[in-house]
Amino acid sequence: MTEAAKPVSYKGWAGIKRAFGTPSALTMAMLGFGSGLPFLLIASQTLSTRLRDVGLDLGSIGLISLASFFYLLKFLWAPLLDRYAFPLLGGLGRRRSWLLVSQAMVLVGLVALAFVRPEQGVWPLVMWVLVASFAGATQDSAVDAYRIEIAPQAAQAALAATYTLGYRIGLILAGAGALYLAQFEGWIVAYLAMAALMLLPIITTLLCAEPERPATAVQRRIDVAEAFVQPITSFFSRNGVALALVLLAFVGLFKFPDQVIGVMAGPFYLDSGFDKADIATVSKLFGVWMGIAGAFLGGIAVAAFGFRRMLLVAALGVALSNLAFLLMAHNPGKLWAFYAALSADNLFQGFAGTVLVAFMSSLTDRNFTATQYALLVSLANLPGKFVGGVSGYIVEATSYSTFFILSSVTVVPTLLLLAWLWPRIVDRGPPPVA
């Protein structure tokens with residue numbers, strides 16, 4: 001019997017401790033590690049630092065970051081993950097079969113990227129980033145569906161926090177670990193080492209339990225077209241058209257201030273006078289542990305107070321933390337400014353990430369877990385990702401300081417949407433399986 005079927009209470013501080021102590025929490029930490037490990041290497045700061053290190057201009061780096069767009073479009077093939085097990089691996093179950101295939105593809109993609117020479121031409125790099133980002137996005141969809149289905153809604157904040165713990169440790173190794181290796185051994189060794197670490201989530205997938213699927217969901221026989229349409233119509237029928245549209249817009253804008261600066265972070269650190277070892281120590285080691293602290297703080301806060309008030313705290317915190325980068329912009333080469341900026345940024349990133357995961361989980365119908373959650377996650381990343389793609393041109397046309405101020409102001413539409421949603425959303429669990 002899975003945890004989803006156990007009549008266990010997760011209320012109060014004893015319940016919070018119980019949620020964090022479930023076997024599923026440990027599994028989610030390992031699966032989160034597998035999701036976090038490739039992200040910086042193929043879609044964010046480690047890749048952009050590598051490209052800047054070999055002499056590419058900021059505009060090109062921003063455009064190349066769009067090659068990881070599969071992370072934004074994973075909802076398009078997520079219905080297949082809800083409907084079918086991966087061919088030839090059905091014995092592992094619907095969730096675990098997709099997990100295993102996607103993790104293996106990530107490993108192959110990282111090995112290939114190890115031997116790419118972007119200074120000699122970016123197209124081979126773009127091709128393998130496309131492959132790795134497709135695999136990473138598929139892995140994320142499978143992990144998210146696994147998390148929602150393996151435990152009840154009351155335990156989701158704890159699972160989100162332990163998932164974030166693993167995810168952030170993956171970021172530490174893909175950030176600090178890769179940068180240290182690149183500094184002293186070169187980029188080939190760095191990427192090969194990260195590829196080898198993907199064996200850990202692969203082993204976890206082989207050993208973990210497959211979530212039980214509701215009997216009514218097993219009996220439902222729908223064709224491929226319905227597999228894509230029904231999750232969307234279910235979301236709108238449950239919430240109503242107006243509320244559903246505002247919820248989607250709110251999710252899409254919630255992380256915008258943070259994501260819009262993501263691509264430029266690595267180049268900004270280099271241009272501020274820090275070498276790869278400094279960046280690894282402060283950004284990818286100290287900063288990530290601050291993110292882990294923020295994630296657990298968010299998990300505890302949501303479990304204790306619910307997600308509605310925490311959405312307001314998180315949205316304001318993420319936007320205001322962007323202003324902390326002004327300390328670095330006006331104090332180039334000063335480690336104290338680097339530590340201060342990264343403390344604020346990562347603490348609120350971690351906090352906001354857990355709060356958003358708990359909120360999106362409450363909106364998800366477990367009949368269509370992978371599809372609906374993938375749609376929400378894609379929306380949460382889509383606006384910031386596309387603006388991030390041209391962020392290099394914005395910085396070159398203005399300045400880093402102006403860019404950080406503008407990114408903070410973008411929280412205003414999010415706050416307006418939250419004000420409209422405030423009386424209309426409650427701390428609810430997912431709907432019963434129909």
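Everything numeric here is computed off the predicted structure, so don't read it as measured data. (Residues numbered from 1 in each chain as written. Predicted model: local features only at pLDDT ≥ 70, side-chain atom pairs only at ≥ 80, totals over all residues. Heavy atoms only, no water.)

Caption draft 1: Structural detail: the overall build of the protein. The helix and strand inventory of the protein stands at 23 helices and 0 strands. Relative to its full complement of 434 residues, the protein shows a buried share of 58%. Summing over all exposed atoms, the protein offers an accessible surface of approximately 16,300 Å²; the carbon and sulfur share of this is 71%. (Helix = DSSP H or I, 4+ residues; strand = E, 2+ residues; numbered from the N terminus. Buried < 20%, exposed > 50% of the residue type's maximum accessible area, 1.4 Å probe, protein only. Areas by Shrake-Rupley, 256 points an atom, 1.4 Å probe, with all protein chains shown as cover.)

Caption draft 2: Spotlight on the packing of aromatic side chains. For the structure shown, the criterion picks out 17 aromatic pairs. Ring centres of F403 and F404 lie 6.0 Å apart, and the angle between their planes is 50 degrees; this geometry places the pair in the tilted category. What makes F404 buried here is its relative accessible area of 4%. Ring pairs connect the aromatic residues F268, Y269, F274, F325, F338, Y400, F403 and F404, which therefore count as one cluster. (Phe/Tyr/Trp six-rings, centres within 6.5 Å; stacked < 30°, edge-to-face > 60°.)

Caption draft 3: Local environment of the pattern of salt bridges. What the rule picks out here adds up to 6 salt bridges. Its salt-bridge partner being D140, residue K74 comes within 3.9 Å of it at the nearest N-O pair. A residue pair is termed long-range when its members are at least 10 positions apart, and K74 in the loop between α4 (58-64) and α5 (78-83) and D140 in helix α7 (residues 123-150) qualify at 66 residues. With relative accessibility at 2%, the residue K74 sits in the buried group. (Salt bridge = Lys/Arg side-chain N within 4 Å of Asp/Glu carboxyl O.)

Caption draft 4: Molecular detail of helix α17 (residues 307-322). Between its first and last C-alpha, α17 extends 22 Å over 16 residues, near the 22 Å set by a 1.5 Å rise per residue. What α17 keeps buried is the set F307, M310, L311, A314, A315, G317, V318, A319, S321 and N322. (Expected span 1.5 Å × (residues − 1).)

Caption draft 5: Region of the structure containing the packing of helix α6 (residues 94-114) against α7. Contact pair α6 / α7: the axes reach a minimum separation of 8 Å and the direction vectors enclose 155 degrees. Classified by the angle their axes make, α6 and α7 are roughly antiparallel. Remark: the crossing between α6 and α7 carries left-handed chirality. For the contact of α6 with α7, the per-class residue count stands at 18 nonpolar, 6 polar and 3 charged. (Axes fitted to C-alpha atoms, helices over the stretch in contact; angles between N-to-C directions. Parallel < 35°, antiparallel > 145°, perpendicular 65-115°, else oblique. Left-handed = near helix turned anticlockwise from the far one by under 90°. Nonpolar A, V, L, I, M, F, W, Y, C, P; charged D, E, K, R; others polar.)

Caption draft 6: Spotlight on the nonpolar core. Of all hydrophobic cores here, the largest spans 78 residues; its most connected members are L110, Y269, F325 and M328. Formed by 38 residues, the second largest nonpolar core is a distinct cluster that contains L243, F250, F359 and M360. (Core = buried A, V, L, I, M, F, W, Y, C linked by side-chain atoms within 4.5 Å.)

Caption draft 7: Local environment of α7. Between the first and last C-alpha of α7 there are 40 Å, a value that for 28 residues agrees with the 40 Å anticipated at 1.5 Å per step. Counting buried positions over the 28 residues of α7 gives 21, a clear majority of the element.

Caption draft 8: Here's a closer look at the environment of S48. Mapping S48 onto the fold places it in helix α3 (residues 45-53). The buried category is assigned to S48, whose relative accessible area is 4%.

Caption draft 9: Main features of unusual backbone geometry. Of note, the phi angle at L88 is positive, near 75 degrees, even though the residue is not glycine. One can find L88 in the loop between α5 and α6.

Caption draft 10: The packing of helix α13 (residues 241-254) against helix α19 (residues 335-362), seen in detail. Running from amino to carboxyl end, α13 crosses α19 at an angle of 160 degrees, the nearest separation of the two axes being 12 Å. By the angle between their axes, α13 is roughly antiparallel relative to α19. In terms of crossing hand, the pair formed by α13 and α19 is left-handed. Facing α13, whose interface residues are L247, F250, V251 and F254, α19 presents A352, L356, F359 and M360. Across the contact of α13 with α19, the residue classes break down as 8 nonpolar, no polar and no charged. (Contact = heavy atoms within 4.5 Å.)

Caption draft 11: Region of interest: the environment of L41. With respect to the helices and strands, the residue L41 is situated in helix α2 (residues 23-43). Residue classification places L41 among the buried residues on the basis of a relative accessible area of 0%. A sequence separation of 133 residues divides L41 from A174, and the C-alpha atoms of the two residues are 6.4 Å apart.

Caption draft 12: Spatial organisation of a nonpolar patch on the surface. A cluster of nonpolar side chains, namely L312, L316, L320, L323, I405, V409, V412 and L416, defines an oily patch on the protein surface of about 680 Å² accessible area. Where the nonpolar patch is concerned, the elements lending two or more residues are α17, α22 (400-409) and α23 (412-421). The greatest single-element share of the nonpolar patch, amounting to 3 residues, is contributed by α17. Assignment of secondary structure puts V412 in helix α23. For V412, a relative accessible area of 43% puts it in the partly exposed group. (Patch = residues over 30% accessible without salt bridge, like charges linked within 9 Å, V, L, I, M, F, W, Y side chains within 5 Å.)

Caption draft 13: How the structure looks around the side chain of S35. Assignment of secondary structure puts S35 in helix α2. Owing to a relative accessible area of 0%, S35 belongs among the buried residues under this scheme. Beyond its immediate sequence surroundings of up to four residues, S35 is in contact with Q139, D140, V143, Y163 and Y167.

Caption draft 14: Quick peek at the side chain of N346. Along the polypeptide, N346 turns up in helix α19. For N346, the residues in contact, after removing those within four places along its chain, are R168, G287, V288, M290 and G291.

Caption draft 15: Focus on the environment of T162. Locating T162 in the fold gives a position in helix α8 (residues 156-184). By relative accessible area, T162 is classed as buried at 6%. On a C-alpha basis, the gap between T162 and T27 in space is 8.8 Å, while along the polypeptide they are 135 residues apart.

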